[in-house]
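Close look at the chain arrangement
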Amino acid sequence: LVLPCDVTDEAEVDTAFGKAAAHWGRVDALFNNAGVSLGGAPIDELAVDDIRHLLDVNVMGAVIAARAAFGLMRKQDPQGGRIINNGSVSAYVPRWGS
């Protein structure tokens with residue numbers, strides 16, 4: 001089952017989780033992995049809109065997906081599931097040129 005959606009769009013995420021729950025009868029796991037990056041540049045050279053987009057995808061996308069998954073996991077029987085938030089290795093080993 002493939003359910004592409006814009007993780008910054010709450011309605012699209014809710015629809016995707018609804019389809020997953022309808023298909024499988026429950027949701028037992030969420031692996032948050034969506035993310036974007038910005039090119040290596042001093043902060044004053046980055047466009048504010050690009051920074052907002054990064055935060056919308058990397059932070060709010062994870063929150064929106066976790067919220068949708070948790071809502072289903074809390075109501076299913078038996079209750080529960082796992083939410084995994086994946087972080088990039090770039091936090092520890094920056095990409096070349098960044």
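Starting afresh in each chain, residues are numbered from 1 along the sequence in its written order. Only residues with pLDDT of at least 70 get local features here, since the model is predicted, and only at 80 or more are side-chain atom pairs given and counted; chain-wide, interface and lining totals rely on the full set of residues. Calculated side-chain values reflect all of the structure's heavy atoms, with hydrogen atoms and water omitted.

A closer look at the overall build of the chain
- Per the convention used, a helix needs a DSSP run of H or I reaching at least four residues, while a strand needs a run of E reaching at least two, with both numbered from the N terminus. When you go through the chain residue by residue, the secondary structure sums to 2 helices and 2 strands.
- The order of helices and strands in the chain, counted from the N terminus, is α-β-α-β.
- Scored against the burial criterion, the 98 residues of the chain give a buried share of 21%.
- Across the chain, the fraction of contacts at a sequence separation of at least 24, relative to all contacts at a separation of at least 6, is 58%.
- Here the chain displays about 7200 Å² of accessible surface, and carbon together with sulfur accounts for 57% of that area. Burial here depends on accessible area, computed with a 1.4 Å probe over protein chains only, as a share of the maximum for the residue type. Under 20% is buried, over 50% is exposed, and the range in between is partly exposed. Any two residues whose heavy atoms approach within 4.5 Å are treated as being in contact. The Shrake-Rupley method, run with a 1.4 Å probe sphere, supplies the accessible areas, and residue values consider only the shown protein chains as cover.

Structural notes on a nonpolar patch on the surface
- Exposure above 30% relative accessible area and no salt bridge define the residues that can form patches, which grow by joining like charges within 9 Å and nonpolar side chains of Val, Leu, Ile, Met, Phe, Trp and Tyr within 5 Å. In what follows, salt bridge is the name for a side-chain nitrogen of Lys or Arg lying within 4 Å of a carboxyl oxygen of Asp or Glu. Residues Leu-55, Val-59, Met-60 and Val-63 make up a contiguous nonpolar surface patch of about 320 Å² in total accessible area.
- Looking at the secondary structure, you find Val-59 in helix α2 (residues 48-75).

Side note on the environment of Asp-28
- With respect to the helices and strands, Asp-28 occurs in the loop between α1 (10-24) and β1 (29-32).
- Using a relative accessible area of 40% as the deciding quantity, one classes Asp-28 as partly exposed.
- For the pair Asp-28 and Met-73, spaced 45 residues apart in sequence, the C-alpha separation works out to 6.8 Å.
- Filtering out sequence-adjacent residues up to four positions away, Asp-28 remains in contact with Met-73, Gln-76, Gly-80, Gly-81 and Arg-82.
- Among the polar contacts listed, one links the side chain of Asp-28 to the side chain of Arg-26, at a separation of 2.7 Å. Any N or O atom pair separated by 3.5 Å or less is treated as a polar contact, with the protein-specific requirement of one donor-capable and one acceptor-capable atom, and with residues adjacent in sequence counted only for side-chain atom pairs.

Such coordinate-based values are descriptive only and should not be taken to indicate function.
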